[in-house]
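The lines below spell out each chain.
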Amino acid sequence: GDSRVNRFWRETTGLDRLGLHCWYLGLPPSSSSLRSDTDRDNDGDDDGEKDGSIECIAPLTDDFAKALRHEALRPLWEEAVRVEPRLEMEPYDERGGSFGRYYRERIRDDDEE
């Protein structure tokens, strides 16, 4: 990264790490995941699977979302949310994941110090 750009982000928004984030990942069905009508349940539904595709959404972490909402970036953030409202989704972690089950409590404790 460009040190001038990194300095801007650090000094302006307080973000002291790389701002890389894969918010959405959509994978098409593989040829082996395509299901025929005989694969459906007796009631005719397919238990929520549409076509074998996979869609993953990873909400922004608190620190990155806070940086993007900074007043210096407000027009950029407002336009991004207008185009994709799901950007404002709260982070959650159903299984513990990479941040761990108690991530939000740890962040809250860090903010209080």
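Computed from a predicted structure; not experimentally measured.

**Considering the overall build of the protein chain**
A tally of regular secondary structure across the protein chain gives four helices and two strands. Helices (α) and strands (β) of the protein chain occur, in sequence order from the N terminus, as α-β-β-α-α-α. The buried share of the protein chain, taken over its 113 residues, is 16%. Counted over contacts in the protein chain with a minimum sequence separation of 6, partners at least 24 positions apart contribute 67%. Of the roughly 9100 Å² of accessible surface on the protein chain, 50% is carried by carbon and sulfur atoms.

**Observations concerning the packing of aromatic side chains**
Counted under the stated rule, the structure contains two aromatic pairs. Between Trp-23 and Tyr-24 the ring centres are 6.1 Å apart and the planes differ by 35 degrees, which places this aromatic pair in the tilted class. Note on Trp-23: relative accessible area 14%, which makes it buried. Residue Tyr-24 is classed as partly exposed on the basis of its relative accessible area, which comes to 34%.

**Details of the environment of Cys-56**
Topologically, Cys-56 is positioned in strand E2 (residues 54–57). Residue Cys-56 is classed as partly exposed on the basis of its relative accessible area, which comes to 38%. Spatially, the C-alpha atom of Cys-56 lies 5.2 Å from that of Leu-25, the residues being 31 residues apart in sequence. Setting aside its immediate chain neighbours within four residues, Cys-56 contacts Trp-23, Tyr-24 and Leu-25.

**Focus on the pattern of salt bridges**
Counted by the stated rule, this structure contains three salt bridges. The partner of Asp-63 in a salt bridge is Arg-17, with the nearest N and O atoms 2.8 Å apart. Here Arg-17 lies in the loop between helix H1 (3–13) and strand E1 (24–27) and Asp-63 lies in helix H2 (residues 62–68), a separation of 46 residues in the sequence. Note on Asp-63: relative accessible area 33%, which makes it partly exposed.

**Side note on the nonpolar core**
Taken as a class, soluble globular proteins show a tendency for nonpolar side chains to be buried jointly. The biggest cluster of nonpolar side chains holds ten residues, and these are Leu-15, Trp-23, Leu-60, Phe-64, Ala-65, Ala-67, Leu-68, Trp-77, Val-81 and Leu-87. If you list the elements that add at least two residues to this core, you get H2 and helix H3 (74–83). Ranked by residues supplied to this core, first place goes to H2 with four residues.

**Thoughts on the state of the cysteines**
Here the structure, examined in full by the defined rule, presents zero disulfides. Cys-22 forms no disulfide, and the closest cysteine sulfur to it belongs to Cys-56, at a distance of 8.6 Å.

Criteria and thresholds
Residues numbered from 1 in each chain as written. Predicted model: local features only at pLDDT ≥ 70, side-chain atom pairs only at ≥ 80, totals over all residues. Heavy atoms only, no water. Helix = DSSP H or I, 4+ residues; strand = E, 2+ residues; numbered from the N terminus. Buried < 20%, exposed > 50% of the residue type's maximum accessible area, 1.4 Å probe, protein only. Contact = heavy atoms within 4.5 Å. Areas by Shrake-Rupley, 256 points an atom, 1.4 Å probe, with all protein chains shown as cover. Phe/Tyr/Trp six-rings, centres within 6.5 Å; stacked < 30°, edge-to-face > 60°. Salt bridge = Lys/Arg side-chain N within 4 Å of Asp/Glu carboxyl O. Core = buried A, V, L, I, M, F, W, Y, C linked by side-chain atoms within 4.5 Å. Disulfide = S-S within 2.5 Å.

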